[in-house]
Amino acid sequence: MNRAFNNLKTFYHKLGSSPWFYRISGITIPYVALLSFLFLTIGIVWGVFFSPTDFKQGDVYRIIYMHVPAASVSQSIYYTMTVAAVVSMIWRMKMAGIFIKSMAPIGASFTFLALISGSIWGQPTWGTWWIWDARLTSTLVLFIFYVAIISLYSSFSEKKSADQAVSILTLVGAVNLPIIKKSVDWWNTLHQPASIKFTESSSISPEMLYPLIISIFGFYLVVLLSGLMAMRAEIAKRETNKEWFKNY
Amino acid sequence: MKKIRKNRLYAVLFIFGSSLLATVLVLTALNQNINLFYSPTDLLVSNPSPNKSIRIGGLVQKGSLIRVPDSLEINFTITDLKEEVTVNYSGILPDLFKEDAGVVATGYYDQTKNNFQAFEILAKHDENYEPKEVVQALERK
């Protein structure tokens, strides 16, 4: 028990060390790139070309293979940023600040993708590009928080103060996450409730669900890949003059 | 845990707690207004002004849809399986609009006639996805 705890503690300290992260991420990036390419290709090609046509929506439903993964990662990225914000505020770990700085633009991109793909899906099925219902509006709020985090960060010249300010803003925005998730259950919305359920059987048939799960996994790998690359770039930027970086 | 970190933890909890409280208060104050539409049952209770545009939603009742020939005009009934409202509309309909399916209509409600004059119709689909062939095969049985 004690030993496991010590291992965990060592891992936590390693995670906080930029030279360690820089070295390990350099090794893992090619593998993650290969895996994400594989999963994304299989998921999207299977979903778009080989999964069956829906009985109600016809072929237009196939945008689900992009919309649901994008929406899923856009929220998950914010969850991880919230954890990093707490770590950054309590332990002042600089890697947590680097993490938030690097992930915010990625989160903003995927939220934007979720909004746009949802809009394109909404036009032929619902009959409108946009409606101010609780799900759509709370997702737009998530996007605004990402943009606010990016701009707040760039308004500081000192990295340490930027990290702290951005952590507070991230923490405030975290309140929105459960609202996005539960909006379709708490209020009347045009957006339908979730199809993939963890506690009961999903309301999407297995032939359509399998490619969707692969695609979701592919999107998470792409996020991991872009996150590793963005964090590496940020480390390089912040520590250009450090001895370890010059000797790398 | 060192004292300074404990203090920072309290700061974290305070910031999160206060923004949570603020959000809960706003959402409670807005309450009904966050709902996108009224159900036919809500209409009886809330009594909206006939001059204000509102949204109502529910299911298009089976067998209630009447198309006026040589025009875009339609009449149908929206139900929440308890109460009903008749709807008139003239215009383009979304592809997924049909009987026994979800609908959200924007327009004006006339309480005296329990009638809704809509100027926009949106289709609300559910979360079920099923292959076309499977459903057709089941219907043949």
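None of these values were measured; they are calculated from a predicted model. (Residues numbered from 1 in each chain as written. Chains lettered and ligands numbered in written order. Predicted model: local features only at pLDDT ≥ 70, side-chain atom pairs only at ≥ 80, totals over all residues.)

Undergrad: Help me out: how do you make sense of the overall build of chain B in this one?
TA: Secondary structure assignment for chain B yields three helices and six strands. Overall, chain B shows an N-to-C arrangement of helices and strands of α-α-β-β-β-β-β-β-α. Against the compact-globule benchmark of 14 Å for 141 residues, chain B has a radius of gyration of 23 Å, which places it well outside the compact range. If you line up chain B on its principal axes, its C-alpha atoms span 80 × 45 × 25 Å. A burial count over chain B gives 22% of its 141 residues as buried. Sequence-distant contacts, at least 24 apart, represent 48% of the contacts inside chain B between residues at least 6 apart. (Helix = DSSP H or I, 4+ residues; strand = E, 2+ residues; numbered from the N terminus. Rg over C-alpha atoms; globule rule 2.2 N^0.38 Å. Buried ≥ 20, exposed ≤ 12 C-beta atoms within 10 Å, placed from the backbone. Contact = placed C-beta atoms within 7 Å.)

Undergrad: Help me understand the domain arrangement of chain B in this model?
TA: How big an interface is tends to be stated in terms of accessible area lost as the parts join. What the domain assignment reports for chain B is domain 1 (3–32) and domain 2 (36–124). With centres defined by C-alpha atoms, the gap from domain 1 of chain B to domain 2 of chain B works out at 41 Å. (Domains from an automatic or database assignment.)

Undergrad: Help me understand the packing of helix H3 (residues 64–91) of chain A against helix H1 (residues 3–30) of chain B in this model?
TA: Helix-helix packing is described using two parameters, namely the angle between the two axes and the distance between the axes. Between H3 of chain A and H1 of chain B, the least distance of the axes is 8 Å, while the angle of their chain directions is 140°. Classified by the angle between their axes, H3 of chain A and H1 of chain B sit oblique to one another. For the pair H3 of chain A and H1 of chain B, the sense of crossing is right-handed. Together, Val86, Met89, Ile90 and Trp91 of chain A of H3 of chain A and Arg5, Arg8, Leu9, Ala11 and Val12 of chain B of H1 of chain B make up the contact between the two elements. Considering only residue class, the contact of H3 of chain A with H1 of chain B consists of seven nonpolar, no polar and two charged. (Axes fitted to C-alpha atoms, helices over the stretch in contact; angles between N-to-C directions. Parallel < 35°, antiparallel > 145°, perpendicular 65-115°, else oblique. Left-handed = near helix turned anticlockwise from the far one by under 90°. Nonpolar A, V, L, I, M, F, W, Y, C, P; charged D, E, K, R; others polar.)

Undergrad: Please explain the nonpolar core as it appears in this structure.
TA: A general feature of soluble globular proteins is that nonpolar side chains tend to end up buried together. Ranked by size, the top nonpolar core spans 53 residues in total, and within it Ala70, Ile77, Met81, Ala84, Phe99, Ile100 and Met103 of chain A carry the most contacts. Listing elements by their share of this core, those giving two or more residues are H3, helix H4 (94–125), helix H5 (134–154), helix H6 (159–173), helix H7 (176–186) and helix H8 (206–238) of chain A. The element that contributes the greatest number of residues to this core is H3 of chain A, accounting for 15 residues. Aside from chain neighbours lying at most four places away, what touches Met81 of chain A is Ile100, Met103, Gly107 and Thr170 of chain A. Membership of the second largest hydrophobic core comes to 24 residues, among which are Trp126 of chain A together with Phe97, Ala118 and Ala123 of chain B. (Core = buried A, V, L, I, M, F, W, Y, C linked by C-beta atoms within 7 Å.)

Undergrad: Where do I start with the interface of chain B and chain A in this structure?
TA: Taken together, the 33 residues of chain B in the interface contact 36 residues of chain A. Contributions of two or more residues to the side of chain B that touches chain A are made by H1, strand E6 (115–124) and helix H3 (132–140) of chain B. When the residues that make up the side of chain B that touches chain A are grouped by side-chain class, the tally is 18 nonpolar, six polar and nine charged.

Undergrad: Help me out: how do you make sense of helix H2 (residues 18–50) of chain A in this one?
TA: Helical geometry: 3.6 residues make up each α-helical turn, so side chains three or four residues apart lie on a common side. Residue and element names in this part refer to chain A. In H2, a bend of some 35° at Thr28 exceeds every other bend along the element, and Pro30, a proline, comes one to four places later. Turning to H2, its buried residues are Ser18, Ser36, Phe39, Gly43 and Gly47. Taken together, the buried residues of H2 touch H3, H4 and H8. (Bend = angle between axes of the 7 residues up to and from the residue.)

Undergrad: Please explain the pairing of E6 of chain B as it appears in this structure.
TA: On a regular strand, one side chain projects to one face of the sheet and the next to the other, so that they alternate. All names here are of chain B. Two elements, strand E4 (residues 84–90) and E6, share three bridges in a ladder whose sense is parallel. Following the sheet pairing, Val87 is matched in E6 by Phe116. Alignment of strand E5 (residues 102–110) against E6, held across nine bridges, turns out to be antiparallel. Bridge pairing in E6 links Gly102 to Lys124. From the end of E5 to the start of E6, which pair antiparallel, there are four residues, and Asn114 there has a positive phi angle of about 50°. (Pairing = 2+ DSSP bridges.)

Undergrad: I tried to follow the environment of Leu224 of chain A on my own but got confused; where do I start?
TA: With respect to the element layout, Leu224 of chain A can be found in helix H8. Between the C-alpha atom of Leu224 of chain A and that of Ser36 of chain A, which follows or precedes it by 188 residues, the distance is 8.8 Å.

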